[in-house]
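Breakdown of the fold
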Amino acid sequence: MPISERGTPTFDGFRLVPGRLDRTEQEALRDAIRAVAAEAPLYRPSMPRTGKPFSVRMTNCGSLGWVSDQSGYRYQPAHPLTGRPWPEIPEILLVLWRELADYPHPPEACLVNFYDPEARMGLHQDSDEAEFAAPVLSVSLGDSCLFRVGGTNRRDPTRSVRLASGDVLLLGGPSRLAFHGVDRIYPGTSKLLPQGGRINLTLRRVTKPE
Ligand code: MD3
Ligand code: FE
């Protein structure tokens, strides 16, 4: 079976491709993300209204980046602290998108989430985009995590999935608007990041194409 057809097409457009990136590819992507973070430093966003800091640190690459601060969530073309445009999306991620997304336009945003061992992400929906016909493509690097996904209503039942370094997850169709979050990191489960922690990359189409 070609590599592009591995993975479990499960309920509602949720597709996990375990081990899609081998160790060499993970190292190359890690280095490309280090270069992104050198140009566009990781920072700690804060929650709309309350201003409470996130436990996850973030940066972006692509023509648009997702940011959050006291005035709300939004996509913008420049880093909130440096004012510079976000760096380009590394080619290896664009290749994954072309291979797996089943969507005819390129992604505009790549959000880089960095989790230290204590970081979490509460259950939420990704709904700040104008285009929901495109999937979200997520790549995990470094320590494993316990990921949780439910339905399109916050109170729908959830299932938990462990994500490991090199796994790719696609959320398309009805699962595009599923509630999801990260309950915990498993420290010491990967040697990819010498200081430990987990990186998650999410590729997204933000605007509707012409
Ligand atoms: C399910 N990130 O950045 S990635 C996010 O591991 C985010 O950092 C998590 O949720 C992380 O918004 C989860 C997997 C993911 C991404 C988008 C989804 C799962 C999703 C959109 C809809 C449903
Ligand atoms: Fe999300």
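So, here's what we can say about the structure.

Rules used in this analysis
- Residues numbered from 1 in each chain as written.
- Chains lettered and ligands numbered in written order.
- Predicted model: local features only at pLDDT ≥ 70, side-chain atom pairs only at ≥ 80, totals over all residues.
- Heavy atoms only, no water.
- Helix = DSSP H or I, 4+ residues; strand = E, 2+ residues; numbered from the N terminus.
- Buried < 20%, exposed > 50% of the residue type's maximum accessible area, 1.4 Å probe, protein only.
- Areas by Shrake-Rupley, 256 points an atom, 1.4 Å probe, with all protein chains shown as cover.
- Lys, Arg positive; Asp, Glu negative; His and termini not counted.
- Charge placed at Lys NZ, Arg CZ, Asp CG, Glu CD.
- Phe/Tyr/Trp six-rings, centres within 6.5 Å; stacked < 30°, edge-to-face > 60°.
- Lys NZ or Arg CZ within 6 Å of the ring centre and 35° of its normal.
- Disulfide = S-S within 2.5 Å.
- Core = buried A, V, L, I, M, F, W, Y, C linked by side-chain atoms within 4.5 Å.
- Contact = heavy atoms within 4.5 Å.
- Near = heavy atom within 4 Å.
- Polar contact = N/O pair within 3.5 Å; in protein donor to acceptor, adjacent residues only side chain to side chain.
- Nonpolar A, V, L, I, M, F, W, Y, C, P; charged D, E, K, R; others polar.
- Pairing = 2+ DSSP bridges.
- Axes fitted to C-alpha atoms, helices over the stretch in contact; angles between N-to-C directions.

Structural notes on the overall build of the chain
- A count of helical and extended segments in the chain gives 2 helices and 13 strands.
- Overall, the C-alpha framework of the chain stretches about 45 × 40 × 35 Å when taken along its three principal axes.
- Within the span of the chain, comprising 210 residues, buried residues form 50% of the whole.
- In the structure as shown, the chain presents an accessible area of about 10,200 Å², 54% of it carried by carbon and sulfur atoms.
- Within the chain, one finds 26 positive and 24 negative side-chain charges whose respective centroids are separated by 6 Å.

A closer look at the environment of Asp116
- Mapping Asp116 onto the fold places it in the loop between strand E6 (109–115) and strand E7 (121–124).
- C-alpha separation for the pair Asp116 and Ala101, spaced 15 residues apart in sequence, amounts to 29 Å.

Points about the packing of aromatic side chains
- Under the defined criterion, the tally for this structure stands at 3 aromatic pairs.
- Between the aromatic rings of Phe54 and Trp66, the centroid separation amounts to 6.4 Å while the plane-to-plane angle is 55 degrees, which identifies the pairing as tilted. One end of the pair, Phe54, is in the loop between helix H1 (23–39) and strand E3 (57–62); the other, Trp66, is in strand E4 (residues 65–69), and 12 residues separate them in sequence. Taken individually, Phe54 and Trp66 each receive the classification buried, so the pair is uniform in this respect.
- With centroids separated by 6.3 Å and ring planes inclined at 80 degrees, the aromatic side chains of Trp97 and Tyr103 adopt a geometry described as edge-to-face.
- Cluster of aromatic residues (ring-pair linked, three or more members): Phe54, Trp66 and Tyr73.
- When the ring centre of Tyr115 is taken as reference, the NZ or CZ atom of Arg198 above it lies at 5.1 Å.

Side note on the state of the cysteines
- Under the defined criterion, the tally for this structure stands at 0 disulfides.
- Between Cys110, a free cysteine, and Cys61, which holds the nearest cysteine sulfur, the sulfur-to-sulfur gap is 3.8 Å.
- Residue Cys110 is classed as buried on the basis of its relative accessible area, which comes to 0%.
- Considering cysteine sulfurs only, Cys110 is the nearest to Cys145, which forms no disulfide, with 16 Å between them.
- A relative accessible area of 0% means that Cys145 is categorised as buried.

A short note on the nonpolar core
- Ranked by internal contacts, the top residues of the largest apolar core, which has 27 residues, are Leu29, Leu93, Leu96, Leu137, Val139, Ile199 and Leu201.
- Of all the secondary-structure elements, those providing two or more residues to this core are H1, helix H2 (91–100), E6, strand E8 (136–142), strand E11 (168–171) and strand E13 (198–204).
- Broken down by element, this core gets its largest block of residues, 4 residues, from H2.
- Those residues within four positions of Leu96 in sequence are excluded, and the remaining contacts are Arg20, Leu21, Ala101, Leu137, Val139 and Val168.
- Counting 24 residues, the second largest nonpolar core, distinct from the first, contains Leu111, Val161, Leu163 and Leu169.

Remarks on the site of ligand 1
- Contacts to ligand 1 come from 19 residues, most closely from Asn113, Tyr115, His180, Arg198 and Arg204.
- At 2.9 Å from an oxygen atom of ligand 1 is found a side-chain nitrogen or oxygen belonging to Asn113.
- Coverage of ligand 1 by the protein amounts to 98% of the 500 Å² it exposes when considered alone.
- For the shell around ligand 1, the secondary structure elements donating two or more residues are E6, E7, E8, strand E12 (180–186) and E13.
- When residues of the shell around ligand 1 are assigned to their parent elements, the largest contribution, 4 residues, is made by E13.
- Looking at the shell around ligand 1 residue by residue, the class counts come to 8 nonpolar, 7 polar and 4 charged.

Considerations on the sheet that holds strand E10 (residues 159–163)
- Spatial ordering of the open sheet is given by E7-E12-E9-E10, a layout of 4 strands whose pairing is antiparallel. A strand with exactly one partner marks an edge of an open sheet, and here the two such strands are E7 and E10. Adjacent strand axes in the sheet meet at a mean angle of 25 degrees when their direction is disregarded.
- Across 6 bridges, the pairing between strand E9 (residues 144–149) and E12 is antiparallel. Across the sheet, residue Phe147 finds its bridge partner in E12, namely Val182.

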